[in-house]
Structure formats: structure tokens, C-alpha cells
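Here is how the chains run, residue by residue.
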Amino acid sequence: MFQKFCLNFNNMASRFQKFPFSLETSLSILAVVSSFCAIGITLYQVYLQRVEHYAGALPYLMVSITNFSEDKTPEYALEVSNKGVGLAKVEKLEIWYKKGKVENESALIRALINNDTVTSRIFSSLWKGRVISPGEQFNWIKLSGPGAQSLRDEMDKGNIQYRILFSSIYDEKWYFNSIAGKRLIEAVGH
């Protein structure tokens, strides 16, 4: 019985010895491993390029307030600019005056300066679908005259609040908030 076991063991050992581990075999195995590593590196580079391209298309909206006067005439302006590197598409604009929702910029100014015919008004509407290029800036609302002081006072008191929903070319959406207690830029979940 022991001899039979030794014969079987020798037969098994001879089977493994039949496979020669030569230089060509080791080079073939190395080539296969190298190929898989090259595929992995290529996939990682594609991932990095996608992340870089994505980061290169992000918008960043800012609204700044300009308060100045020439010739003792008060002027007040809200200026919108895209400080990001990608296009910003305006999806929605919401404005509140004294906690009540206002239809648009014109309605806000009408509520603010009732019968004032002296104040000059300049609007550059933020309509739904407007695309703001990187580096572009423009006066959204600009008042010059007595009404400018009213706008400034109401903004300082927090009576005027607004929220701009904008998106990137990848359809990611953010809110630019002037609402008290909210983050300035807030991502919107899909």
C-alpha cells in the first residue's frame, strides 16, 4: 500500500515537472501583467481627465453691491458676475420684499419707490434661460437718485432678499442666496 502511494505521488510530481518554467514563459507572464497594469493606468487617466474637464466647467455666481455717488446724487447697484470657469445658466429668480414674494425686479422697484419720477432705473433682467459667460459681469439693478437711498436702506435692513437658481453645462444646480440664515452658495440635490 505504501509503495502504491509513493508511485502515485511520483506520478503527480512528474506531472508538475513536465511544465518547464523557462525564460519565454516568465516573459509571457510579465507581458500579461504589464498589459493589465497599462489598462488600469489608462482607465485612471481617463477618470482624471473627466474630473479635470468637469472642474473646468463649474460656474460661480456672485452678486456685489456698489454704493457710490457722483455729483452728490446717490447711486446704488446690484452687479451680477460669473467668477467661475464655466457657463452659468439662470434657472429661476426669486425676490422677496418685506417677506412677500415679488414678481420681478420692476415690481420690486415700483414697491420701493412709488411715485418717484426723478430716480433713473437700469435693469438687466435675469430671465430664465439666460447664460452668463465666465468673467461676465453686468448691473442687474442700478438706481440713481433719491430711490437709490431707499434701495440701500431696505437692503441694509434685510427687507429685500433674493435667490438665484443657476446650473452648469453638466446640469448641476446651485442657489445663490441672500436669505438670512442660508449659505451663500447652496447645492441643489437632483
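Structure first, text after, so check above.
Model, not experiment: these values are computed from the prediction.

Novice: How should the overall build of the protein be read in this particular structure?
Specialist: Each helix and strand in the protein was counted, giving 4 helices and 10 strands. Reading the protein from its N terminus to its C terminus gives the helix and strand order α-α-β-β-β-β-α-β-β-β-α-β-β-β. Put simply, the protein has 190 residues, and 32% of those count as buried. Put simply, 58% of the contacts in the protein that link residues at least 6 apart link residues at least 24 apart. Carbon together with sulfur atoms contributes 57% to the accessible area of the protein, which is approximately 12,700 Å² in total.

Novice: What's the story with the environment of Lys92 in this structure? I'm lost.
Specialist: The topology assignment puts Lys92 in strand S3 (residues 88-97). Not counting the four nearest positions on each side in its chain, Lys92 is found in contact with Arg163, Ile164, Leu165 and Tyr175.

Novice: Just to check I follow, could you spell out the packing of aromatic side chains for this structure?
Specialist: Centre-to-centre distance and the angle between the planes together describe a pair of aromatic rings. The final tally for this structure, using the stated rule, is 4 aromatic pairs. Ring plane angle 80° and centroid distance 5.2 Å describe the contact between Trp140 and Tyr162, whose orientation is recorded as edge-to-face. In this pair, Trp140 sits in strand S7 (residues 137-144) while Tyr162 sits in strand S8 (residues 160-167), placing the two residues 22 residues apart along the sequence. As far as burial versus exposure is concerned, Trp140 and Tyr162 are alike and both buried. The cationic tip of Arg130 hangs over the ring face of Phe138; the distance from NZ or CZ to the ring centre is 4.0 Å.

Novice: Explain the nonpolar core to me, please; I cannot follow it from the model alone.
Specialist: Generally speaking, nonpolar side chains in soluble globular proteins are found buried as a group. Residues Val80, Leu126, Ile132, Trp140, Ile141, Leu151 and Tyr162 are the most contacted members of the largest nonpolar core, which totals 31 residues. Counting only elements with at least two residues in this core, the list comes to strand S1 (61-70), strand S2 (73-82), S3, helix H3 (105-112), S7, helix H4 (146-157), S8 and strand S9 (173-177). Not counting residues within four places of it along the chain, the set of residues in contact with Val80 comprises Leu61, Met62, Val63, Leu126, Ile132, Glu136, Gln137, Phe138 and Trp140.

Novice: Explain the side chain of Ser81 here, please?
Specialist: Residue position: Ser81 is located in strand S2. Once you skip the residues sitting within four places of it in the chain, Ser81 turns out to touch Tyr60, Leu61, Met62, Glu136 and Gln137.

Novice: Would you mind showing me how to read the pairing of S3 here?
Specialist: Within a regular beta strand, the side chains point alternately toward one face of the sheet and then the other, so they alternate between its two faces. Here S3 lies mainly inside the structure; 7 of its 10 residues are buried. Bridge count for S3 against strand S6 (residues 131-132) is 2 bridges, and the pairing is antiparallel. Looking at S6, one finds that Lys89 is bridged to Val131. For S3 and S8, the ladder comprises 8 bridges, and the chain directions are antiparallel. By the bridge assignment for S8, Lys92 is matched with Leu165. Taken together, the 3 bridges between S3 and strand S4 (residues 100-102) define a ladder with antiparallel strand orientation. Along S4, the bridge assignment pairs Tyr97 with Gly100. Hairpin connection, S3 to S4: the antiparallel pair is bridged by 2 residues, and Lys98 has positive phi, about 50°.

Novice: Would you explain a nonpolar patch on the surface in this entry?
Specialist: A surface patch of nonpolar side chains, about 430 Å² in accessible area, is lined by Val32, Phe36, Ile39 and Leu43. On the secondary structure map, Ile39 appears in helix H2 (residues 23-55). With relative accessibility at 48%, the residue Ile39 sits in the partly exposed group.

Novice: It is not clear to me how unusual backbone geometry should be interpreted in this structure. Could you clarify?
Specialist: The bulk of non-glycine residues show a negative phi, and the bulk of peptide bonds are trans. Positioned with a positive phi, Lys99 is a non-glycine residue whose angle comes to about 70°. Here Lys99 is to be found in the loop between S3 and S4. Its identity as a non-glycine residue notwithstanding, Asp171 has a phi of 65°, on the positive side. By secondary structure assignment, the location of Asp171 is in the loop between S8 and S9.

Novice: Where do I start with the sheet that holds strand S5 (residues 120-123) in this structure?
Specialist: Two pairing modes exist for strands in a sheet, parallel and antiparallel, and in both the strands are linked by backbone hydrogen bonds. Strand order in the open sheet formed by 4 strands is S1-S2-S7-S5, with antiparallel pairing between adjacent strands. Each edge of the open sheet is held by one strand with a lone partner, namely S1 and S5. Each strand of the sheet is rotated relative to its neighbour by a mean of 20°, with strand direction disregarded. Where S1 and S2 come together, 10 bridges link them in antiparallel fashion. Directly across from Val63, in S2, lies its bridge partner Val80. Along the sheet face, H3 touches S5 and S7 and points at about 20° away from the line of S7. In this fold H4 packs onto S1, S2 and S7, with an angle of close to 55° to the strand it touches most, S2.

Reading the values: the criteria
Residues numbered from 1 in each chain as written. Predicted model: local features only at pLDDT ≥ 70, side-chain atom pairs only at ≥ 80, totals over all residues. Heavy atoms only, no water. Helix = DSSP H or I, 4+ residues; strand = E, 2+ residues; numbered from the N terminus. Buried < 20%, exposed > 50% of the residue type's maximum accessible area, 1.4 Å probe, protein only. Contact = heavy atoms within 4.5 Å. Areas by Shrake-Rupley, 256 points an atom, 1.4 Å probe, with all protein chains shown as cover. Phe/Tyr/Trp six-rings, centres within 6.5 Å; stacked < 30°, edge-to-face > 60°. Lys NZ or Arg CZ within 6 Å of the ring centre and 35° of its normal. Core = buried A, V, L, I, M, F, W, Y, C linked by side-chain atoms within 4.5 Å. Pairing = 2+ DSSP bridges. Patch = residues over 30% accessible without salt bridge, like charges linked within 9 Å, V, L, I, M, F, W, Y side chains within 5 Å. Salt bridge = Lys/Arg side-chain N within 4 Å of Asp/Glu carboxyl O. Axes fitted to C-alpha atoms, helices over the stretch in contact; angles between N-to-C directions.

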